[in-house]
Amino acid sequence: MKIQFVLEPASADEFLEAGLLAERYGFEAVWTPNHAAARDPFMAFSVLARESYRIRMGPVAVSPFELHPLKMANQLFTLNEFAHGRANIVVGGGGGTTIAMHLKSDRYSMHPRMVRGVRECVEFLKAVSPADALTFDGEVFKVDGYRPAWATDDPPLVYVGATRPQMLRMATQVADGVMFSDLTLGRLDETMTKLSRDLRAAGRADRDFRINNLFSWHVKRDRQDAMAEARRKLWVRGMLDHWYISPALNQRDCKFIAENMQAFIKAYTQDSPVIDGVPDELVELLVDELTFTGDLSEIDKLIERFWTFKTAGVSEMALRLYDDPVYSIKVIGETIGPELQ
């Protein structure tokens, strides 16, 4: 299993430090989220691209509805040029940035023609060539005569951000891989069964297809510190959607979570571990299901969970790091990394 890291949006110098450390430990890639008011997720890697040699890099996730595929290609292939063919991207339907741009109303609504638009974006990015002009005549996007003559011949890797059936099926047909978001052990078997069926239907069952799961990492010296960080970020773990949490909670508790969603949103927006009105034991169940959380004495238990994902066919884990990512990379590099890589 390849271990990767998803780093908080930071300065180019901070990305350089964390990225070079991850490279020294032999990890495969670093990513950064595409937040609405964050540093540009392509330019943030510019220094690391120049100073590193092996580690891959790129943004998670960019929607073609917020950044047209032509402009996305310019930025992605520029990063790929800087990194000598080591750029990645996750293309998705759109989250907080599309909401901020009033392109959709909330996180639970879908952009019109989302699956078709993401498919065409991936098809366009995969068809780009420095040698031949590309005219793309899609239903959602159209581009005339696109030819970045300066682009490297070693193309970037293009993933689709997907967990649910339609996007998964489309990803198997057009992308280099898929990145799940917060896929839990409770939903692992059914998702991998669906993905395997789609890969066979697409004629790709025996070919390289990257299967990645973005999962939150909160492991600290002190378990209370780890739990506090996990609680602050809990709302964005699958948006606490019923599909994600129902394997671990009964229907009454799922209903209670839905009725008290504002408490989780408040904790996230205020960066606070206080989740008003929600019993601690219920929060701990969610943290245990949706994250890797604990202190250093719990590493062996966490390694067992990694092996469960790996045995099921997940080939990459993109660990979402928050406070002090350098510490987390060192811990993972000296414990879990040698076990799995």
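For the structure, see preceding data.
Worth saying up front: this structure is predicted, and the values here are computed from it rather than measured.

Here is what the cut-offs are and how they apply
- Residues numbered from 1 in each chain as written.
- Predicted model: local features only at pLDDT ≥ 70, side-chain atom pairs only at ≥ 80, totals over all residues.
- Heavy atoms only, no water.
- Helix = DSSP H or I, 4+ residues; strand = E, 2+ residues; numbered from the N terminus.
- Rg over C-alpha atoms; globule rule 2.2 N^0.38 Å.
- Buried < 20%, exposed > 50% of the residue type's maximum accessible area, 1.4 Å probe, protein only.
- Contact = heavy atoms within 4.5 Å.
- Areas by Shrake-Rupley, 256 points an atom, 1.4 Å probe, with all protein chains shown as cover.
- Lys, Arg positive; Asp, Glu negative; His and termini not counted.
- Charge placed at Lys NZ, Arg CZ, Asp CG, Glu CD.
- Axes fitted to C-alpha atoms, helices over the stretch in contact; angles between N-to-C directions.
- Parallel < 35°, antiparallel > 145°, perpendicular 65-115°, else oblique.
- Nonpolar A, V, L, I, M, F, W, Y, C, P; charged D, E, K, R; others polar.
- Polar contact = N/O pair within 3.5 Å; in protein donor to acceptor, adjacent residues only side chain to side chain.

(A) Representation of the overall build of the protein in the model. Scanning the protein from terminus to terminus reveals 15 helices and 11 strands. Expected size for 341 residues packed as a compact globule is a radius of gyration near 20 Å; at 20 Å, the protein falls within 12% of this value. The C-alpha extent of the protein, read off along each of the three principal axes, is 60 × 40 × 40 Å. In the protein, which comprises 341 residues, the share counted as buried stands at 56%. Long-range contacts, defined as pairs at least 24 residues apart, comprise 73% of the intrachain contacts of the protein with a sequence gap of at least 6. Carbon together with sulfur atoms contributes 49% to the accessible area of the protein, which is approximately 14800 Å² in total. For the protein, the distance from the average position of its 40 positive side-chain charges to the average position of its 48 negative side-chain charges is 4 Å.

(B) Focus on the packing of helix 8 (residues 223-232) against helix 12 (residues 280-290). Running from amino to carboxyl end, helix 8 crosses helix 12 at an angle of 85°, the nearest separation of the two axes being 10 Å. As summarised for this structure, helix 8 and helix 12 are arranged roughly perpendicular, according to the angle between their axes. Residues Met-227, Ala-230 and Arg-231 of helix 8 pack against Asp-280, Val-283, Glu-284 and Val-287 of helix 12. Here the residues of the contact of helix 8 with helix 12 sort into four nonpolar, no polar and three charged.

(C) Broad picture of the packing of helix 1 (residues 12-24) against helix 14 (residues 325-334). In contact at an axis separation of 10 Å, helix 1 and helix 14 are set at 5° when each is read in the N-to-C sense. With respect to each other, helix 1 and helix 14 are oriented roughly parallel. Residues Glu-17, Ala-18, Leu-21 and Ala-22 of helix 1 form the contact with helix 14, whose participating residues are Val-326, Ile-329 and Lys-330.

(D) Molecular detail of the side chain of Gln-4. The residue Gln-4 is located in strand 1 (residues 2-6) in this model. A distance of 2.7 Å separates the side chain of Gln-4 from the side chain of Trp-31, its partner in a polar contact. At 2.8 Å, the side chain of Gln-4 and the side chain of Asn-212 are in polar contact. Sequence-distant contacts of Gln-4, that is, excluding residues within four places in its chain, are made with Glu-28, Ala-29, Trp-31, Tyr-159, Arg-210, Asn-212, Glu-316, Met-317, Ala-318 and Leu-319.

(E) Geometry of the environment of Leu-195. Within the secondary structure, Leu-195 sits in helix 7 (residues 188-201). Put simply, Leu-195 and Thr-163 are 32 residues apart on the chain and 9.5 Å apart in space, counted from C-alpha to C-alpha. Residue contacts for Leu-195: discarding those within four places in its chain leaves Leu-168, Thr-172, Val-178, Phe-180, Phe-209 and Ile-211.

(F) Representation of unusual backbone geometry. Not every positive phi belongs to a glycine, and Asp-182 is a case in point at roughly 60°. Summarising the element assignment, Asp-182 is placed in the loop between strand 8 (177-181) and helix 7. Of note in this structure, Leu-240 is not a glycine but carries a positive phi near 55°. Tracing the backbone shows Leu-240 in the loop between helix 8 and helix 9 (242-245). The exposure class assigned to Leu-240 is buried, which follows from its relative accessible area of 2%.

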